[in-house]
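Residue-level structure breakdown
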Amino acid sequence: MNQLELDILKARESRQEILGGSDGIKVITSLNVPGKPKINENINNIARDVTEDVLLFLEGVLAVEGFLYQVEDAAGYYALISFREDIGFDARFVKELCEILEKFHPIGRLIDLDVYDELGDRVSSGRVKSCFVCGENAKLCIRGQKHTVEEARMAFDELLLEYLEKAEEEGLADYLALSALTAMIAEVALDPKPGLVTRKVVGIHKDMNFDLFVKSALAIVPGFRIIALKATEIENLYQFREI
């Protein structure tokens, strides 16, 4: 084992200590970086941007402040977002929110959002992530060694570069789309709301529930993004009628 591998191992052990020292529900944000190095300027900048998106979304939906701790070490970028114990939501719901964000985010396939409950136990949804090389079951690709580390790293770097190129011109549109998604999920997550759909009940709406609402929100959010992009091209508000 060389020095870099020893440094990565030591960094991962240190993370476990940090995780154990935090109370309440915790969300670990990182990028799934294949191969080495685990850090460089682009990776760190994007990882910090992703963390800001996660914090914006979770704080907006949960309506509570998260406490952020960030680390950049040999094992890569790592952010711990912790919430006090009395937030009114359980860790499984927070995990569900993280999966919603992963589905929405432009580089959701590269993001790892791990949720731990108040006892420090990792919350798993059982959902299978897609491989960012071929789009198939990521676990099966890893177990079967379907792709080399070099192939995985090349696909990772290409996705990051594409994200960076678009972010310069489309970053505001992404932010507005995320804000719209946050508002919609926050509204449906609020409970109780007599007669209305919440994360717990369907109210008087026999054709709607929380999961369907979330799917609907994810379906229309790209439209908000398109409107935001078009808004940068128009000269007056009357042109919105043509969109």
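This structure is a prediction, so every number in the text was calculated from the model and none was measured. (Residues numbered from 1 in each chain as written. Predicted model: local features only at pLDDT ≥ 70, side-chain atom pairs only at ≥ 80, totals over all residues. Heavy atoms only, no water.)

We now examine the overall build of the chain. Within the chain one finds six helices and five strands. Scanning the chain from its N terminus toward the C terminus, one meets helices and strands in the order α-β-α-β-β-α-β-β-α-α-α. Taken against the 2.2 N^0.38 rule, which gives 18 Å for 243 residues, the C-alpha radius of gyration of the chain at 20 Å falls within 12% of a compact globule. Across the chain, every contact between residues at least 6 apart in sequence was considered, and the portion connecting residues at least 24 apart equals 66%. For the chain, the exposed area adds up to about 14,200 Å²; of that, 53% sits on carbon and sulfur atoms. Taking the average location of the 28 positive side-chain charges in the chain and that of its 42 negative ones, the two points are 6 Å from each other. (Helix = DSSP H or I, 4+ residues; strand = E, 2+ residues; numbered from the N terminus. Rg over C-alpha atoms; globule rule 2.2 N^0.38 Å. Contact = heavy atoms within 4.5 Å. Areas by Shrake-Rupley, 256 points an atom, 1.4 Å probe, with all protein chains shown as cover. Lys, Arg positive; Asp, Glu negative; His and termini not counted. Charge placed at Lys NZ, Arg CZ, Asp CG, Glu CD.)

Per-residue confidence for the chain gives a mean pLDDT of 85; residues scoring 70 or more make up 91%. The weakest mean pLDDT in the chain belongs to helix 1 (residues 3–20) at 68; the strongest belongs to strand 4 (residues 111–116) at 92. (pLDDT = per-residue confidence, 0-100.)

What follows is about the packing of aromatic side chains. In total, this model carries three aromatic pairs according to the counting rule given. Look at Phe-89 and Phe-93: their rings are 5.2 Å apart centre to centre, the planes differ by 20 degrees, and that puts the pair in the stacked class. By the burial criterion, Phe-89 is buried, and Phe-93 matches it. An angle of 55 degrees between the planes, with centres 5.8 Å apart, marks the rings of Phe-93 and Phe-210 as tilted. Of this pair, Phe-93 sits in helix 3 (residues 91–104) while Phe-210 sits in helix 6 (residues 210–231), placing them 117 residues apart in sequence. Here Phe-93 falls in the buried class, since its relative accessible area comes to 6%. (Phe/Tyr/Trp six-rings, centres within 6.5 Å; stacked < 30°, edge-to-face > 60°. Buried < 20%, exposed > 50% of the residue type's maximum accessible area, 1.4 Å probe, protein only.)

This part covers the state of the cysteines. Counted under the stated rule, the structure contains zero disulfides. With no disulfide of its own, Cys-134 lies closest to Cys-141 among cysteine sulfurs, the gap being 3.6 Å. (Disulfide = S-S within 2.5 Å.)

In this section: the nonpolar core. A general trend in soluble globular proteins is that nonpolar side chains are found buried together. With 54 residues, the main nonpolar core has Phe-57, Leu-58, Leu-62 and Leu-97 as its most contacted residues. Elements represented by at least two residues in this core include exactly strand 1 (25–31), helix 2 (41–62), strand 3 (76–83), helix 3, strand 4, helix 5 (149–189) and helix 6. Other than its neighbours up to four places away in sequence, Leu-97 contacts Phe-57, Leu-58, Val-61, Leu-62 and Ile-185. Counting five residues, the second largest nonpolar core, distinct from the first, contains Ile-28, Tyr-78, Leu-80 and Tyr-116. (Core = buried A, V, L, I, M, F, W, Y, C linked by side-chain atoms within 4.5 Å.)

Looking now at the sheet that holds strand 2 (residues 67–73). Read across the sheet, five strands follow the order 2-3-1-4-5 without closing on themselves; strand pairing throughout is antiparallel. Two strands in the sheet have a free side with no partner beyond their single neighbour: strand 2 and strand 5 (122–123). Here two bridges tie strand 4 to strand 5, and the two strands are oriented antiparallel to one another. Considered in strand 5, the bridge of Tyr-116 is made with Arg-122. In the packing of helix 2 onto the sheet, contacts are made with strand 1, strand 2, strand 3 and strand 4, and the angle to strand 3 comes to roughly 15 degrees. Packing of helix 3 onto the sheet brings it into contact with strand 1, strand 4 and strand 5, and relative to strand 4 it is tilted by some 175 degrees. (Pairing = 2+ DSSP bridges. Axes fitted to C-alpha atoms, helices over the stretch in contact; angles between N-to-C directions.)

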